[in-house]
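# Examining the three-dimensional arrangement
Residues per chain are reported as follows:
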Amino acid sequence: MVKEYMFPMGGIHLKKYKITTDCPIIDAKIPDIVTIPVKQHIGSPAKTLVSKGDKVKVGTLLADADGIVSSDVHSSVSGEVIKIEDLPSSSGYEEKMISIKTEGDEWEASIDKSDKIIQEINLSPEEIIAKIREGGIVGMGGAGYPTPIKTAVPEGKKVELLIVNGIECEPFLTADDRLMVEHAEEIIMGARVINRALGIQNAIIAIDENKPKAIEALTTLSKRYVGVNVKVCRTKYPQGGEKQLIRAITGRELPSGKLPVDIGCIVQNVGTVFAVYEMVLKNKPLFERIVTVSGDGCRHPGNYRVRIGTPISSLIEETGGLSDDVNKIIIGGPMMGNAIVNTSAPVTKLTSGILLLKDDSFSKKEASACIRCGKCALVCPAGLRPYAIKQAVTFNDTTECLRKLHAGDCIECGCCSYICPARIPILDYCKIAKQEIRKK
Amino acid sequence: MLKISTNPHMQTNRDIRALMLDVVIALMPAAIAAILFFGIDALRVILTSVAACVMFEYLCCRYWFKSENSTKDFSAVITGLLLAYNLPSTMPCWMILIGAFMAIVVAKMCFGGLGRNIFNPALVGRVFLFISFPVQMTVWPVPHFLQMISPDGATGATPLKILKSIDASSSASTQMYSIDDLPSYLNMFLGNIGGCIGEVSTIALLLGFAWLLYRKVITWHIPVYYLLTVFVFTSALYFITGNMKFLPFAHLLSGGLMLGAIFMATDYTTSPMTLKGQIIFAIGCGILTVIIRSFSAYPEGVSFAILIMNAFVPLIDKYATQRCYGEKR
């Protein structure tokens with residue numbers, strides 16, 4: 001029997017809504033003005049290098065990483081910096097952003113714009129990591145953790161396996177799926193680049209069984225490369241979660257508070273791996289990404305190659321505009337994404353999707369009292385007891401109590417809120433619990 | 001107008017009402033069996049009980065809680081059905097009304113309604129009737145397939161009563177039965193035996209269990225561990241003592257065990273939250289059931305066993321946690 005790769009603890013089966021699976025990636029229109037946040041990652045904001053009036057090209061460094069946990073930010077268009085000020089981001093908070101007025105589309109000369117796939121890697125591990133840092137590459141699966149830190153193995157630790165995360169378990173989203181179908185070879189080369197930096201031979205590309213085309217494309221190609229293997233995982237949400245994927249592929253669990261590198265694994269999203277390929281072998285920094293624009297309220301759903309800093313409104317306009325019956329705009333997937341109202345906010349390195357939802361089923365329902373069914377504990381992929389966390393938060397229990405409940409290990413996947421028959425927003429309580437723990 | 005809300009933006013359509021409706025559906029085979037074996041009287045008991053339970057909950061919401069009518073979630077219907085299933089078909093309507101009052105008003109609404117009660121409402125209603133009206137609660141009309149067409153009105157003993165009385169040490173004043181009086185296992189399985197209207201037909205209850213599992217309303221743990229405990233415990237007693245009153249299969253197939261294990265011990269509100277807790281709870285129910293059935297003055301012990309274990313649920317919930325991701329096995 002073929003071994004099935006799936007995390008065993010908790011999880012749910014969701015309706016897929018992957019309506020854009022067969023939509024080829026289209027270049028989105030370059031907007032007249034882009035606003036690029038200097039912080040699109042976990043860590044400290046990048047230090048701005050340009051000032052008002054400066055002329056920039058596509059790929060010009062705009063802001064320099066401030067410290068180790070930070071990331072470079074590049075211009076996604078050519079033109080003139082018109083203002084640098086705090087503007088509301090998609091989260092609703094104001095963040096420092098660099099606005100650039102677009103003039104033409106002139107790229108930095110160092111960028112290799114050709115379609116040719118480069119096969120040779122002549123750089124040393126240190127050079128590769130330096131390049132990844134220069135490219136401003138961050139974890140594009142949603143966390144935004146700077147990739148160079150992940151790629152540089154700390155002293156005394158040994159990495160054995162690179163897992164390329166092509167699960168994309170969120171409903172609607174197909175950006176990673178399309179990237180794998182259309183850029184399979186680049187992804188494999190990207191994985192080999194990271195392997196070289198890590199000094200290892202093995203990479204596993206984990207793909208959800210609901211992406212047959214991506215599986216076919218990568219399986220066929222991977223046969224040509226030693227050490228690169230495709231593993232097909234059975235669909236279950238949240239299989240794309242780092243801890244869940246490690247469990248599914250290696251059978252090992254990550255102890256609380258440990259990093260994947262502690263058990264010899266590194267997990268990188270396919271989008272990140274593709275960006276690594278582009279930077280290391282083609283000198284192209286991270287200034288554009290694939291965004292799925294979808295939802296039942298979207299007139300022309302599809303997958304778009306979008307310049308970072310493009311206003312969400314301009315992308316919505318391009319896909320048919322915002323109709324009156326749209327209830328919610330979600331950045332990301334419907335399970336972990338955020339609902340926004342400010343459509344002038346820009347697309348960032350972490351924007352995997354923009355969903356326009358109108359169906360009533362995507363609206364929050366009124367909650368009633370807990371009926372103690374225990375389903376939240378049954379579906380929690382972290383093995384937590386969300387009902388107990390909710391109780392502890394409601395009754396203002398001490399931080400110590402929350403720690404005992406391992407509330408800090410919550411991955412915020414939303415399975416508990418999804419499954420709750422009483423419609424209790426349990427995840428909200430878990431998030432409060434996490435905040436309480438962090439405060440101490 | 002754009003709306004803002006916290007994630008997730010998708011929720012299952014399996015809300016309380018949908019789950020409860022599935023339980024009602026799962027209880028239907030037993031209702032059909034009850035009517036087939038005990039005639040139109042069974043239907044009278046069921047309808048009276050359900051109507052009374054729904055009415056009491058409605059009145060509580062309307063005049064006491066002054067809240068939204070909570071009968072829409074179908075939980076009162078389930079309580080009504082379960083209460084009816086735990087009564088003999090000859091039960092007078094006014095007694096059923098009292099049982100329904102105890103179940104809904106005292107055991108459920110006094111604690112704050114669905115999700116807040118400590119004891120299974122239907123069982124509270126049944127036990128109250130059982131100790132208040134012992135005569136009416138232990139008259140067992142002899143089941144008669146298609147009773148509806150030709151009622152005969154005869155009464156007899158339940159298999160558990162027969163098992164109880166074959167033990168020589170039990171009180172001599174009651175009518176004595178021998179092991180030959182025990183109905184065949186096939187009759188027990190089908191439901192052609194004396195007993196409460198909803199508990200007799202094992203096959204009908206198992207059909208309901210299959211539906212609950214298929215619809216993922218419950219997991220298999222509580223019923224299977226409960227039944228297994230009863231089976232293992234009675235088998236052990238049977239082989240050690242050689243006493244026919246511990247006949248394992250007779251215990252498994254008779255009395256309220258199937259109904260209790262599948263539908264009452266699995267009640268969300270009054271059972272533990274984690275699987276580990278549910279297993280402890282089920283094993284406790286099984287042990288108590290056998291002890292009460294074998295050694296107490298009563299032939300049946302499922303209701304008492306479940307109610308006693310209900311009282312332990314907060315304690316079980318406190319200590320029976322589950323393994324977190326990354327913790328040692």
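In this text, all values refer to a predicted model and were calculated from it rather than measured experimentally.

Before going further, it helps to examine the overall build of chain A. Regarding its fold elements, chain A presents 13 helices and 17 strands. A compact globule built from 440 residues should have a C-alpha radius of gyration of about 22 Å, and chain A, at 21 Å, falls within 12% of that. Across the 440 residues in chain A, those meeting the buried criterion constitute 56%. Restricting to contacts in chain A with at least 6 residues of sequence separation, those with at least 24 account for 74%.

Next up on the list: the overall build of chain B. Helices and strands together make up the secondary structure of chain B, namely 13 helices and two strands. Its C-alpha atoms give chain B a radius of gyration of 20 Å, within 12% of the compact-globule value 20 Å for 329 residues. C-alpha atoms of chain B, sized along the principal axes, occupy 75 × 50 × 30 Å. Relative to its 329 residues, chain B shows a buried fraction of 53%. Residue pairs at least 24 apart in sequence account for 73% of intrachain contacts in chain B once pairs closer than 6 positions are excluded.

As a measure of interface size, the accessible area lost when the parts come together is often cited. With 28 residues of chain B in contact, the opposing surface of chain A contributes 50 residues. The class makeup of the residues in the side of chain B that touches chain A is eleven nonpolar, twelve polar and five charged.

Moving on, we get to the nonpolar core. Side chains that are nonpolar tend, in soluble globular proteins, to be buried together. Core analysis: the largest hydrophobic core is formed by 241 residues, its most contacted members being Ile-163, Val-164, Ala-206 and Ile-389 of chain A. Per-element accounting of this core gives the leading share, 13 residues, to helix H1 (residues 16-38) of chain B. Those residues in contact with Ala-206 of chain A that lie beyond four places of it in its chain are Tyr-5, Ile-163, Val-164, Asn-165, Gly-166, Ile-167, Lys-231, Cys-233, Leu-245 and Ile-249 of chain A.

Our focus in this paragraph is the domain arrangement of chain B. Residue and element names in this part refer to chain B. As assigned here, chain B comprises domain 1 (16-137) and domain 2 (160-197 + 205-318). Relative placement of domain 1 and domain 2: their C-alpha centres are 21 Å apart. Each partner contributes to the interface: domain 1 provides 31 residues, whereas domain 2 provides 24 residues. Of all the secondary-structure elements, those providing two or more residues to the side of domain 1 that touches domain 2 are H1, helix H2 (40-65), helix H3 (75-85) and helix H5 (121-132). Here the element with the most residues in the side of domain 1 that touches domain 2 is H1; it accounts for twelve residues. Taken together, the residues of the side of domain 1 that touches domain 2 break down into 24 nonpolar, five polar and two charged.

Bridge analysis of strand E3 (residues 47-48) of chain A against strand E5 (residues 61-64) of chain A gives two bridges, and the strand direction is antiparallel. When the bridges of E5 of chain A are listed, Thr-48 of chain A appears paired with Ala-63 of chain A.

In this section: the sheet that holds strand E17 (residues 353-357) of chain A. Residues and elements named next belong to chain A. The strand order across the open sheet formed by six strands is E1-E14-E13-E17-E15-E16, and the pairing between neighbours is mixed. The sheet terminates laterally at strand E1 (25-27) and strand E16 (338-340), the two strands that pair on one side only. Strand-to-strand twist across the sheet, computed as the mean angle between neighbouring axes with direction ignored, equals 30°. The pairing of strand E13 (residues 288-294) with strand E14 (residues 302-307) spans six bridges and is classified as antiparallel. When the sheet's bridge partners are listed, Glu-288 is paired in E14 with Arg-307.

Attention shifts here to the packing of helix H10 (residues 386-394) of chain A against helix H13 (residues 426-439) of chain A. All names here are of chain A. At their nearest, the axes of H10 and H13 sit 9 Å apart, and the two run at 60° to each other. Here H10 runs over H13; the crossing is left-handed. Seen from H10, the contacting residues are Pro-386, Ile-389, Lys-390, Ala-392 and Val-393; seen from H13, they are Ile-426, Tyr-429, Cys-430, Ile-432 and Ala-433. Class assignment for the residues of the contact of H10 with H13 results in nine nonpolar, no polar and one charged.

Within the secondary structure, Glu-106 of chain A sits in the loop between strand E8 (94-102) and helix H1 (125-134). Sequence separation between Glu-106 of chain A and Lys-57 of chain A is 49 residues; the distance between their C-alpha atoms is 5.7 Å.

The next subject is the pairing of E17 of chain A. Residues and elements named next belong to chain A. When you tally the buried positions in E17, you get five out of five residues, the bulk of the element. Residues Gly-353, Leu-355 and Leu-357 of E17 are buried on one face, and the alternating residues Ile-354 and Leu-356, pointing to the opposite face, are buried as well. The pairing of E13 with E17 spans three bridges and is classified as parallel. Along E17, the bridge assignment pairs Val-293 with Ile-354. Across four bridges, the pairing between strand E15 (residues 328-331) and E17 is antiparallel. Residue pairing for E17: Lys-328 is matched across the bridge by Leu-357.

Residue and element names in this part refer to chain B. Structurally, Met-244 is set in the loop between helix H9 (221-241) and helix H10 (248-253). Met-244 sits in the partly exposed class, given 15 other C-beta atoms within 10 Å. In this structure, the C-alpha to C-alpha distance between Met-244 and Ile-179, residues 65 residues apart in sequence, is 7.4 Å. What Met-244 contacts, discounting residues up to four positions off in sequence, is Ile-166 and Ile-179.

Turning next to the sheet that holds strand E10 (residues 203-208) of chain A. All names here are of chain A. Within the open sheet, the four strands sit side by side as E11-E10-E9-E12. Their pairing is parallel. Each end of this open sheet is capped by a strand with a single partner; those strands are strand E11 (228-233) and strand E12 (265-269). Mean inter-strand twist for the sheet, computed between neighbouring axes without regard to direction, equals 25°. With five bridges connecting them, strand E9 (residues 161-166) and E12 associate as parallel partners. Considered in E12, the bridge of Leu-162 is made with Ile-266. Sheet contacts for helix H7 (residues 270-282): E9 and E12; angle to E12, the most-contacted strand, approximately 85°.

Cut-off values and rules
- Residues numbered from 1 in each chain as written.
- Chains lettered and ligands numbered in written order.
- Predicted model: local features only at pLDDT ≥ 70, side-chain atom pairs only at ≥ 80, totals over all residues.
- Helix = DSSP H or I, 4+ residues; strand = E, 2+ residues; numbered from the N terminus.
- Rg over C-alpha atoms; globule rule 2.2 N^0.38 Å.
- Buried ≥ 20, exposed ≤ 12 C-beta atoms within 10 Å, placed from the backbone.
- Contact = placed C-beta atoms within 7 Å.
- Nonpolar A, V, L, I, M, F, W, Y, C, P; charged D, E, K, R; others polar.
- Core = buried A, V, L, I, M, F, W, Y, C linked by C-beta atoms within 7 Å.
- Domains from an automatic or database assignment.
- Pairing = 2+ DSSP bridges.
- Axes fitted to C-alpha atoms, helices over the stretch in contact; angles between N-to-C directions.
- Left-handed = near helix turned anticlockwise from the far one by under 90°.

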